[in-house]
Amino acid sequence: MIKLLDVAAELYCRDEEVQKLFPAYKHLRHWITSLPKHRPIATICRLDGLFGKDGNYKIIETNTEGPGGVIQTGVIARVWSRTPNILTDGLSLEVSKQPLIKDPNCFVRELASTYHAATGCTLRAAAVANFRGRFANEVDWIVKGLEGAGIKATLLDASTIRRAPGGVVGPDGEPIELVYNKLDVRDLVGATECSDYLDACAAQEVVSINPWISQWVLSDKAILAVLSDDRFSSNFDAAQIELIARHIPWTRVVRAGQTTDPERCRIELISYIRDHKASLVLKPSNATRGEHVVIGRFASPQEWEEYIERAASSPYVVQEYLRPGQITALHLPSRSIKKMVYGIDCYVFGGRLVGFNSRASCDPVMNVGRSGVLMPVTTA
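Residues numbered from 1 in each chain as written. Predicted model: local features only at pLDDT ≥ 70, side-chain atom pairs only at ≥ 80, totals over all residues. Heavy atoms only, no water.

### Here's the deal with the environment of Ala118
To keep it simple, the criterion reads: Strands here are runs of E lasting at least two residues and helices are runs of H or I lasting at least four, both read from the DSSP assignment and numbered beginning at the N terminus.
Among the structural elements, Ala118 can be located in helix H6 (residues 106–119). In sequence terms Ala118 and Phe107 are 11 residues apart; their C-alpha atoms lie 17 Å from each other.

This is the structure in C-alpha cells:
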C-alpha cells in the first residue's frame, strides 16, 4: 500500500487529470510537487480500515500527515497487556509481535534512520512542528523520546522556524536537521508567518516527516479515488491492480459526469449517488475527525439530498459503505458496557507494519470525538 502511495504521489505531479481531483491545492503545487528522494514518501502513517463482506481488510483513510498514537499506542497496549483482566482469562493473546508495542523507541528510531538514509549523517537536532497549539496530543512524548535517544529536540510553532544559510533554525538560532509535522496543514494556508517554514520544507533544506505531498494530497480521501478509478489503472502493474481491487473500496470524487460503478458499469455519478443511498457514504475529502461525514443508510432522504448538493459544489468523495463489525466493551465516557461498531487501524513506519489500534464508537461514524474509544489490539 505504501508503494502504491509513492506511485500516486508521482502521478499527481505529472498528470493534470489527477490534479483536478484535488482542486483545493492548486495554488499550493509549488510546495507539494517537490518530492523528497527518500522512499517511502510517507515515512510515518496510519491506515484506517474495516473488514469487508469478503473478509478482506479495506483501507478507508490513509492518514499520512501526522497520525495520532505513534507512541501512545505502544505504551498503552503494553500497560494493558500487563494488567489483570477477567475478560481475557483463558485466552492466549499476544502483543509483543507488534514492534510498536515491543520497542518503545520504534517511532524515534524510524525518524533517525530516515534522516540517515536521506543525508548519510547521524541525526543530532530535531523539532516537532506544531501550529497555534492545535493537535498537540503526544508531542511531549515525541520530544522526550527523541531526547532519550540522544537527539536534541524541541517543540516549536511552525511560525517560529526560519530559513538560514545552510538550513533552518529555531527562534534561538539553533540549527534543526529534521522536523516532524504535528499540525493541520489547512491551518497554514494563508498564514503568512509560516512561509519560511513551508518554503524550507519544500526546498528540502530540512528533512521533513512527512513532506507536503503527504500532508495535503496523500492524506486526502480523494487519493483513494485515484487508486480505485479505472481511468488511472494503466499507471499500476498487475500486482498493484490486484491489491487495489482487494483492499481499496470503490471511491470517487463527487462531481457531475460519467464514471464506473463498483461493477465497472458506466453510470452518471450524481444520479447513482441519489439512487444508492443505502450503500454509500459521503465524506469531505480533506476534513478530519469525522467532520460532516454522512452515511446514507442512517440519513433521511432530505438530509441525503442536501449532502449531495453540498458534495457537488465542494471537495467531497463518495465511497461504498462497509458495514463495521460490532464489539461489546467498556465505553469509558459513559462508564458502562456498550455494544459498539469498530475498525482496525494499522501503523506503518518506513513501509513496515509496526502495530495496530482499534477505534470503537456508539456513533456509526467512528471517531474518538464522537462517542468513541480507543482499544488495544492483540493477536491470538
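Here the narrative resumes, following the displayed structure.
### Some thoughts on the packing of aromatic side chains
This is how the line gets drawn: Between the rings of Phe, Tyr and Trp (Trp by its six-membered ring), a pair exists once the centres lie within 6.5 Å; its type follows the angle of the planes, with under 30 degrees stacked, over 60 edge-to-face, and the other angles tilted. Each residue is assigned to one of three classes by its accessible area relative to the maximum for its type, calculated with a 1.4 Å probe on protein chains only: buried under 20%, partly exposed between the two thresholds, exposed over 50%.
One pass over the structure, following the stated rule, counts 9 aromatic pairs. Aromatic pair Phe107 and Phe349: ring centres 5.9 Å apart, planes at 65 degrees, arrangement edge-to-face. Within this pair, whereas Phe107 is found in helix H6, its partner Phe349 is found in strand E17 (residues 336–349), the two being separated by 242 residues in sequence. What makes Phe107 buried here is its relative accessible area of 1%.

### A word on the pattern of salt bridges
When charged atoms on two side chains of opposite charge get close, those side chains can pair. The following threshold applies: Counted as salt bridges are all cases of a side-chain nitrogen of Lys or Arg within 4 Å of a carboxyl oxygen of Asp or Glu.
Enumeration over the complete set of coordinates arrives at 22 salt bridges. Across the pair Arg163 and Asp199 runs a salt bridge, and its minimum N-O distance is 3.9 Å. With Arg163 in strand E5 (residues 162–164) and Asp199 in helix H8 (residues 195–202), this residue pair connects regions lying 36 residues apart in the sequence. We classify Arg163 as partly exposed; its relative accessible area is 35%. As a salt-bridge pair, Arg163 and Glu205 come within 2.5 Å of each other at their nearest N and O atoms. Placement of the pair is Arg163 in strand E5 and Glu205 in the loop between H8 and strand E9 (207–209), with a sequence separation of 42 residues. Look at Glu205 and you get partly exposed, because its relative accessible area is 30%. One network of salt bridges, with partners in common, ties together Glu17, Lys20, Asp229, Arg231 and Arg252.

### Section: the sheet that holds strand E8 (residues 178–181)
Short version of the rule: The rule for pairing is simple: two strands pair if DSSP sees at least two bridges between them. Note on geometry: axes are C-alpha line fits, over the in-contact stretch for helices, and angles between N-to-C directions span 0 to 180 degrees. In what follows, residue pairs with any heavy atoms lying within 4.5 Å of each other are defined as contacts.
Within the open sheet, the 4 strands sit side by side as E4-E3-E8-E9. Their pairing is parallel. Across the chains shown, the open sheet's two edge strands, defined by having one partner strand only, are strand E4 (152–157) and E9. Each strand axis lies, on average, 25 degrees off the axis of its neighbour in the sheet, ignoring direction. Judged from the 4 bridges that link them, strand E3 (residues 125–130) and E8 form a sheet pairing that is parallel. Within the sheet, the bridge partner assigned to Val128 lies in E8 and is Tyr180. Where H6 meets the sheet, its contacts fall on E8 and E9, and the angle it forms with E9 comes to roughly 145 degrees.

### Brief notes about the sheet that holds strand E6 (residues 167–169)
Ordered by their spatial adjacency, 3 strands build an open sheet running E5-E6-E7, and the pairing between neighbours is antiparallel. Taken across any chain shown, the strands that pair with only one partner, and hence form the sheet edges, are E5 and strand E7 (175–176). The sheet contact formed by E6 and E7 spans 2 bridges and is antiparallel. From the neighbouring strand, Val168 faces E7, where its bridge partner is Ile176.

### Structural notes on the pairing of strand E16 (residues 325–331)
Regular strands show a simple pattern: their side chains alternate between the two faces of the sheet. Relative to E17, E16 runs antiparallel, the two being bridged by 7 bridges. Residue pairing for E17: Leu330 is matched across the bridge by Ile337. In this structure, the hairpin formed by E16 and E17 is closed by a connection of 4 residues, where Arg335 is found at a positive phi of approximately 55 degrees.

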